[in-house]
Amino acid sequence: MDFQHQQAAHCESGVISALLTHKGLPLSEPMAFGLASALAFAYIPIVKLAGQPLIAYRLPPKYIIKGVCKRLGVNVRFRKFSNPMQGAEELDKAVSAGRLVGLQTSVYYLPYFPEEMRFHFNAHNLIVYGKQGDDYAISDPVFEESVTVASRHLNKARFAKGALAPKGLMYEIDNIPDTINWQKIIPAAIAKNCKIMLGAPLPIIGIKGIRYLSKKIANYRGDAREQRLFLGHIVRMQEEIGTGGAGFRFIYASFLEEAAQKLNNDFLKTMSDRMTAVGDEWRAFALAVVQQCKKSENIDRVSLAQHLLVCAEKEAAVWRELKVWAAKVGK
Amino acid sequence: MLRDDVPQHKSSTYAGHKKVLYAKNAEGSYETVQSSGWDVEEAATLDAVEQYRLWADEAAVAVRRGEASPLMYHMYACRMDLPLLSQVSGIWRWRIRRHFKPPVFAGLSDTLLQRYADVFNIPLAELKKLPD
């Protein structure tokens, strides 16, 4: 198949960008991310990862694909399977028909992942673009090159159990619209993202969630080792799980820049610069956390909590301005 | 973040791979830049990996003393904890906790053990002992 692998910063936005581009609707990864209104923050203490709370910097898995397709008016077909055999058969059918297929998989069972990155995470996305003998040709957007995976490994990764179990999920783009009204959908996508960051009814979502986490850091109980683990976990969720580089803030800034060009709008360009500064602040926070954790004496939790509050307020200011703009333009 | 500020720390956790980040070029517009790693991220990842290794080592000691079954060791060695193993295997936590006891573990059927072995992605024979 004539398919060009391209490396992306994040698996889900990378996959949908590649699928749409291949189908004839060229869409950059940041554009896909922004149109899905995918930037978020959530501190979810009831979901535990190795005893630590889930901290998310974007929407839950599958929402990027669904969100961007809905926004663009693209039809995408999702299929899950209760029977792994059937799931494998359907994948083979689609691949032999020359169709490009997106899959949700576990990271742990994919042999091409570096050993130290193989955690049990069930919502990784990749593209299958061919099969030779028993090996699938796979374009995994977070890797530099395309890879091959033996069918038994891929089947295992597709039907891994546990939280966010993929259940063999495969998806294909059915058709794309003839025209796209950028003037309309870009402000709408930004308005929706403002709502997620500023207007969530729960204190653990959006800007409120960042402030909440800041309070958690300030009041954290536990010995030095537990504090280190908790703080290290925050950095991991932000940098490793959330694509290095300040948990998606730079991708969103890149989206704002592209949107500014598409709409010929200087305001969005300014907002892109401001969002870049927000991302830089998040990076500075991660650095401060790790420096504190490496110290032998007491961790200064209060200063870290304050630093996180700076991130929250800087980001809140950007969203508030975007909200006013989107409301004006959307009229 | 500027293109030149993208860290290139050759993190061991990347195992020679490179990630893509979005950063600004000299003209001030965004583009993708490959990064070979960032010390900050590496430190956090290694801490997390280290935690599981610590738990696995502790479990191995307990297994040698006859206080725990190899199941506990393999769980941590596969970077799982009890809630995760329960989710992934579909076996209740209290049952798994029982299986951590050597006498109970010794009496388990191969069918049940195979479920654990499948989850850990190791052969059945390996599940029954500590690695050499």
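In the annotation of an unreviewed UniProt entry, the entry for chain A reads DUF4872 domain-containing protein, and the organism field reads Cellvibrio polysaccharolyticus.

Participant: Residues and numbers for the overall build of chain B, please.
Facilitator: Per the secondary structure count, chain B includes seven helices and two strands. Taken from the N to the C terminus, the helices and strands of chain B come in the order β-β-α-α-α-α-α-α-α. Whereas a compact globule of 132 residues would reach a radius of gyration of roughly 14 Å, chain B reaches 21 Å, over 25% beyond that. Overall, chain B is about 70 × 25 × 25 Å in size when its C-alpha atoms are taken along their principal axes. For chain B, with 132 residues in total, the buried portion stands at 52%. Looking at chain B as shown, the accessible area adds up to about 6,600 Å², and 52% of this sits on carbon and sulfur atoms.

Participant: Could you give me a rundown of the nonpolar core, with the residues and numbers involved?
Facilitator: Counting 97 residues, the largest nonpolar core has A:Leu35, A:Leu72, A:Trp182, A:Ile190, A:Ile217 and A:Trp282 as its most contacted members. Setting aside chain neighbours within four positions, we find A:Leu72 in contact with A:Leu20, A:Leu25, A:Leu27, A:Leu35, A:Pro177, A:Ile180, A:Trp182 and A:Ile185. Residues A:Ala157, B:Ala56, B:Val63 and B:Leu130 belong to the second largest nonpolar core, which totals 57 residues.

Participant: Just give me the short version of the interface of chain B and chain A, but keep the residues and values in it.
Facilitator: Where interface size is quoted, it is often the accessible area lost as the parts come together. Each partner contributes to the interface: chain B provides 41 residues, whereas chain A provides 49 residues. For the pair chain B and chain A, the two sides together bury roughly 3,900 Å², of which 55% comes from carbon and sulfur. Taken together, the connections running from chain B to chain A amount to three salt bridges. Among the ionic pairs, B:Arg79 bridges to A:Glu115, the shortest N-O distance being 3.4 Å.

Participant: Lay out the packing of helix α4 (residues 84-96) of chain A against helix α5 (residues 151-158) of chain A with the relevant residues and their values.
Facilitator: Residues and elements named next belong to chain A. Their axes nearest at 10 Å, the elements α4 and α5 cross at an angle of 115°. In the packing of α4 onto α5, the handedness of the crossing is right-handed. Taken together, the residues of α5 that come into contact with α4 (itself represented by Gly87, Ala88 and Leu91) are Leu154, Asn155 and Arg158. When its residues are assigned to classes, the contact of α4 with α5 shows three nonpolar, two polar and one charged.

Participant: Lay out the packing of aromatic side chains in plain terms, naming residues and giving numbers.
Facilitator: Residue and element names in this part refer to chain A. If you walk through the whole model with that rule in mind, you get 20 aromatic pairs over all chains. Each ring, one from Phe41 and one from Trp282, has its centre 6.2 Å from the other, and the planes form 25°; the classification is stacked. With Phe41 in strand β1 (residues 39-49) and Trp282 in helix α10 (residues 266-294), this residue pair connects regions lying 241 residues apart in the sequence. Neither residue differs from the other here; Phe41 and Trp282 are each classed as buried. Centre to centre, the rings of Tyr252 and Phe255 are 5.1 Å apart; their planes meet at 55°, and the pair counts as tilted. With Tyr252 and Phe255 both in helix α9 (residues 249-263) and three residues apart, the pair spans about one turn of that helix. By relative accessible area, Tyr252 is classed as buried at 0%. Taking the relative accessible area as the measure of exposure, Phe255 reaches 0% and is therefore buried.

Participant: So what's going on with the packing of helix α6 (residues 182-198) of chain A against α9(A)? Residues and values would help.
Facilitator: Residues and elements named next belong to chain A. Contact pair α6 / α9: the axes reach a minimum separation of 10 Å and the direction vectors enclose 150°. The angle between α6 and α9 places the two elements in the roughly antiparallel class. Along this stretch, α6 crosses α9, giving a crossing that reads as left-handed. Two secondary-structure elements touch here, α6 through Trp182, Gln183, Ile186, Pro187, Ile190, Asn193 and Met197 and α9 through Arg249, Tyr252, Phe255, Leu256, Ala259, Lys262 and Leu263. Tallied by class, residues from the contact of α6 with α9 come to ten nonpolar, two polar and two charged.

The rules behind the values
Residues numbered from 1 in each chain as written. Chains lettered and ligands numbered in written order. Predicted model: local features only at pLDDT ≥ 70, side-chain atom pairs only at ≥ 80, totals over all residues. Heavy atoms only, no water. Helix = DSSP H or I, 4+ residues; strand = E, 2+ residues; numbered from the N terminus. Rg over C-alpha atoms; globule rule 2.2 N^0.38 Å. Buried < 20%, exposed > 50% of the residue type's maximum accessible area, 1.4 Å probe, protein only. Areas by Shrake-Rupley, 256 points an atom, 1.4 Å probe, with all protein chains shown as cover. Core = buried A, V, L, I, M, F, W, Y, C linked by side-chain atoms within 4.5 Å. Contact = heavy atoms within 4.5 Å. Buried area = accessible area lost by both parts, 1.4 Å probe. Salt bridge = Lys/Arg side-chain N within 4 Å of Asp/Glu carboxyl O. Axes fitted to C-alpha atoms, helices over the stretch in contact; angles between N-to-C directions. Left-handed = near helix turned anticlockwise from the far one by under 90°. Nonpolar A, V, L, I, M, F, W, Y, C, P; charged D, E, K, R; others polar. Phe/Tyr/Trp six-rings, centres within 6.5 Å; stacked < 30°, edge-to-face > 60°. Parallel < 35°, antiparallel > 145°, perpendicular 65-115°, else oblique.

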